Amino acid sequence: MDATQPVNNRLKSSSTIWGRFWAEPWFAIATIILAVAIIVFIVAPVFAVLLKSFGIGTGQLTLDYYKQFFQASYYWDALLNSILSAVISTVIVLFLSINIALYVTRSKSFLSKSFQGIALLPLVAPPFIFSLALIILFGRSGIVTDYVSQLFGGQFSIYGFWGVVLAQIIGYFPIGYMLVESTMRNMNADLEYAAQDLGANQWRTIGGITLPLAKSGIIKAGLLVFVMALADFSNPLIIGGGTRFLASEAYLLVVGQHNLELAAVLGVFLIIPSLLIFIFQTYFLKDSSVGTISGESGSHSVPLSKSVKSFVGTISGLFTAFILLMFVMVVLGAFVKIIGINNTFTLEHFNNRTGWDSLYTSLIVSFISALLAAGIGILQGFLFARKPIPGKKLLEFLTLFGLAVPGTVMGIGYVLIFNGPPFFLTGTVMILVLNMTFRKIGVGLEAAISKMHQIDTSMEEASNDLGAGPYKTFWKVIVPLMVPPFTAGFIYAFMTAMVSISSVVFLISPNTNLVAIYILNLAEQAKIGLASAMSFIMIVIVLACLALLKFVEKKTGIRI
């Protein structure tokens, strides 16, 4: 068949979906390669964890590892602590997000823009950085701890369950805030004006109109924060003070005891809630969101009354000031000898050859991963949006599922699959790149599908009618139009890869150590100055990426 024949004519000649799928063979082959890669690098690791938890691979099918889990009280404690901390963190994050979003979306003052900028700051650092800052302030020899002890006597410290909760609240707050703020910003304000015209005060309007309209974004935010807090393993390691949590116990079982079977059982308990929430959010919440925000956006938001503004402004001010304080502590810790004890200015913490080597490795791995994730995501988005693909919905589901799988589970799964023949890849740069790439391609896919829906098919049809053919049309028409989502996807993937830790911590070797993991090790060893210095450098790099991302969003109108 002539490659220049208009694609519509060829599609009409094939009646079945498989016939239409193979009508453009190179696109069909690309789809099959992508499907195989998704199965190998996203689905197989999850199934490997599930099978390992039943002893498959050790010679017999058994429930002994589940019995060990249920008979050991400390694993129950770990499960309960993880669920309880995730619930508390989620509730407080939602409360803060709603208050700050109300202030930001209903005010155009300098203070409002400041709150918005500071609220997003935790995105530029790994979540455990806040454990480091909390230890500087409230540790056993922390600045605040010493001051309070001198005033009132006695001793206290932040180590333990509540320290983990506090670190999780700060670390995962931006995720919840972005979703709630986006929902409130796009609301139609007509109903709120109508309620006020009928005599309702603003407190009643917020409770009866605003929050019910925003419930879709609030529920999504809550689910995401809950899953991320449940799977958090780095904060319990640093500030947990011996309190057990599920993800950190799984990590210690792998690296300390090499007990992959029991670690897999803990991984199963991590992935079940993630899977349920992902399905709920994908298939149920997605549909319900259509009905929660009615009408067209663009109406001027209802200004806050004096009492409401005072309440939400106070909460916003206190919390954003606390976030700033966390970053100030990390920066100060990088430039003084021992913060709180010897505050002499120094640059000696930056003279760290191992730290610079790990930073270089992180930059290389993150750059390649982001390039691949954005490129593959764009190709997938085009294929899913334009081509007849059997099982398209399933492939899209599996691709996005990579974003929902807890990093600990994915890391254990990669160890199970790629730590022996025929794929002996652990300890190599390649396994780090593959892991980060396939955990991030969902972002590129979503951006590409969103962009493809904005591109009228008439441009492709015109190109085909002029004899360009499907492949030349893809390169000459589609690829140039997909540069903005590619750029946005690349920056986002690079930024998040730089701070990734939960999955790659299982896959590194002494020669492929990454800066986030190196900082985690320094923090565990209480080397606050060195950890703060490397954190400061990483924060500057990621902050630059975030600024670039905002610039791309502003220029292209694509929100990531």
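Right above here is the structure, for reference.
Here the structure is a predicted model, which means the values were calculated and not measured.

Novice: Give a detailed account of the overall build of the protein, specifying residues and quantitative values.
Specialist: Each helix and strand in the protein was counted, giving 25 helices and 4 strands. Computed over its C-alpha atoms, the radius of gyration of the protein comes to 25 Å, within 12% of the 24 Å expected for a compact globule of 560 residues. The dimensions of the protein, computed from C-alpha atoms along their principal axes, are 85 × 70 × 50 Å. Residue burial in the protein is summarised as follows: out of 560 residues, 55% are buried. Long-range contacts, defined as pairs at least 24 residues apart, comprise 78% of the intrachain contacts of the protein with a sequence gap of at least 6. When the accessible surface of the protein is split by element, carbon and sulfur atoms take 66% of a total near 24700 Å². Computed over 33 positive and 24 negative side-chain charges, the inter-centroid distance for the protein is 4 Å.

Novice: Lay out the pattern of salt bridges with the relevant residues and their values.
Specialist: Overall, the coordinates contain 8 salt bridges when judged by the stated rule. The residue Lys 52 makes a salt bridge to Glu 261 at a minimum N-O spacing of 3.5 Å. You can see Lys 52 sitting in helix 3 (residues 25–53) and its partner Glu 261 sitting in helix 15 (residues 260–292), a full 209 residues away along the chain. Residue Lys 52 shares its accessibility class with Glu 261, and that shared class is buried. Linking Lys 337 and Glu 348 is a salt bridge whose minimum nitrogen-to-oxygen distance equals 3.7 Å.

Novice: Could you give an account of a nonpolar patch on the surface, naming the residues involved and the relevant values?
Specialist: A contiguous nonpolar patch, built from Ile 17, Trp 18, Trp 22, Trp 26, Ile 29, Ile 32, Ile 33 and Val 36 and spanning about 820 Å² of accessible area, is present on the exposed surface. Those elements that place two or more of their residues in the nonpolar patch are helix 2 (17–21) and helix 3. Here the nonpolar patch gets 5 residues from one element, more than from any other, and that element is helix 3. On the accessibility criterion, Ile 29 (32% relative accessible area) is partly exposed.

Novice: Outline unusual backbone geometry, supporting the account with residue identities and numerical values.
Specialist: Negative phi values dominate among residues other than glycine, just as trans dominates among peptide bonds. Despite not being glycine, His 258 shows a phi value in the positive range, around 50 degrees. Along the chain, the position of His 258 falls in the loop between helix 14 (246–257) and helix 15. Positive phi values are uncommon outside glycine, yet Ala 526 reaches one of about 60 degrees. Position of Ala 526 among the secondary structure elements: in the loop between helix 24 (515–524) and helix 25 (528–556).

Novice: Lay out the packing of helix 3 against helix 17 (residues 353–386) with the relevant residues and their values.
Specialist: For the pair helix 3 and helix 17, the least separation of the axes is 11 Å and the interaxial angle reads 125 degrees. When the axes of helix 3 and helix 17 are compared, the pair comes out oblique. Note that helix 3 runs across helix 17; the crossing there is left-handed. In this structure, helix 3 contributes Phe 27, Ala 30, Thr 31, Leu 34 and Ile 38 to the contact, and helix 17 contributes Ile 376, Leu 379, Gln 380, Phe 382 and Leu 383. Partitioning the contact of helix 3 with helix 17 into residue classes produces 8 nonpolar, 2 polar and no charged.

Novice: With reference to specific residues and values, describe the packing of aromatic side chains.
Specialist: Throughout the structure, instances matching the rule amount to 37 aromatic pairs. Between Phe 41 and Phe 418 the ring centres are 5.7 Å apart and the planes differ by 20 degrees, which places this aromatic pair in the stacked class. Remark: Phe 418 occurs in helix 19 (residues 407–418) and Phe 41 occurs in helix 3; sequence separation between them is 377 residues. Judged by relative accessible area, Phe 41 falls into the buried class, the value being 15%. Chaining the aromatic ring pairs together yields one cluster made of Phe 54, Tyr 66, Phe 69, Phe 70, Tyr 74, Tyr 75, Trp 76 and Phe 269. The ring of Tyr 159 has Arg 140 lying over it, and the distance from NZ or CZ to the ring centre is 4.2 Å.

Novice: Before we move on, can you summarise the environment of Gly 413 with the specific residues and values?
Specialist: Relative to the elements of secondary structure, Gly 413 occurs in helix 19. Sequence separation between Gly 413 and Gly 267 is 146 residues; the distance between their C-alpha atoms is 9.3 Å.

Novice: Can you lay out the nonpolar core for me, pointing to particular residues and giving the numbers?
Specialist: Residues Phe 173 and Phe 438 are the most contacted members of the largest nonpolar core, which totals 182 residues. Sorting elements by how many residues they give to this core places helix 5 (residues 73–105) first, with 14 residues. Non-local contacts of Phe 438, meaning those with residues more than four positions away in its chain, are made with Ala 37, Ile 38, Phe 41, Ile 42, Ile 376, Gly 402 and Tyr 414.

Novice: Would you mind going over the pairing of strand 2 (residues 342–345) in detail, with residue names and values included?
Specialist: Strand direction decides the pairing type here: strand 1 (residues 336–338) and strand 2, joined by 2 bridges, are antiparallel. Of the residues in strand 2, the one forming a bridge with Ile 338 is Asn 342. In textbook terms, the turn of a hairpin is the stretch between consecutive antiparallel strands, and for strand 1 and strand 2 this stretch comprises 3 residues, one of which, Gly 340, has a positive phi near 90 degrees.

Novice: So what about the side chain of Ser 503? Which residues, and what values?
Specialist: Inspection of the secondary structure puts Ser 503 in the loop between helix 23 (483–499) and helix 24. In terms of polar contacts, Ser 503 uses its side chain to reach the side chain of Asn 435, at 2.8 Å. A polar side-chain atom of Ser 503 sits 3.5 Å from a polar atom in the side chain of Arg 439. Apart from the residues lying within four places of it in its own chain, the contact partners of Ser 503 are Gly 407, Met 410, Gly 411, Asn 435 and Arg 439.

Procedures and definitions
- Residues numbered from 1 in each chain as written.
- Predicted model: local features only at pLDDT ≥ 70, side-chain atom pairs only at ≥ 80, totals over all residues.
- Heavy atoms only, no water.
- Helix = DSSP H or I, 4+ residues; strand = E, 2+ residues; numbered from the N terminus.
- Rg over C-alpha atoms; globule rule 2.2 N^0.38 Å.
- Buried < 20%, exposed > 50% of the residue type's maximum accessible area, 1.4 Å probe, protein only.
- Contact = heavy atoms within 4.5 Å.
- Areas by Shrake-Rupley, 256 points an atom, 1.4 Å probe, with all protein chains shown as cover.
- Lys, Arg positive; Asp, Glu negative; His and termini not counted.
- Charge placed at Lys NZ, Arg CZ, Asp CG, Glu CD.
- Salt bridge = Lys/Arg side-chain N within 4 Å of Asp/Glu carboxyl O.
- Patch = residues over 30% accessible without salt bridge, like charges linked within 9 Å, V, L, I, M, F, W, Y side chains within 5 Å.
- Axes fitted to C-alpha atoms, helices over the stretch in contact; angles between N-to-C directions.
- Parallel < 35°, antiparallel > 145°, perpendicular 65-115°, else oblique.
- Left-handed = near helix turned anticlockwise from the far one by under 90°.
- Nonpolar A, V, L, I, M, F, W, Y, C, P; charged D, E, K, R; others polar.
- Phe/Tyr/Trp six-rings, centres within 6.5 Å; stacked < 30°, edge-to-face > 60°.
- Lys NZ or Arg CZ within 6 Å of the ring centre and 35° of its normal.
- Core = buried A, V, L, I, M, F, W, Y, C linked by side-chain atoms within 4.5 Å.
- Pairing = 2+ DSSP bridges.
- Polar contact = N/O pair within 3.5 Å; in protein donor to acceptor, adjacent residues only side chain to side chain.

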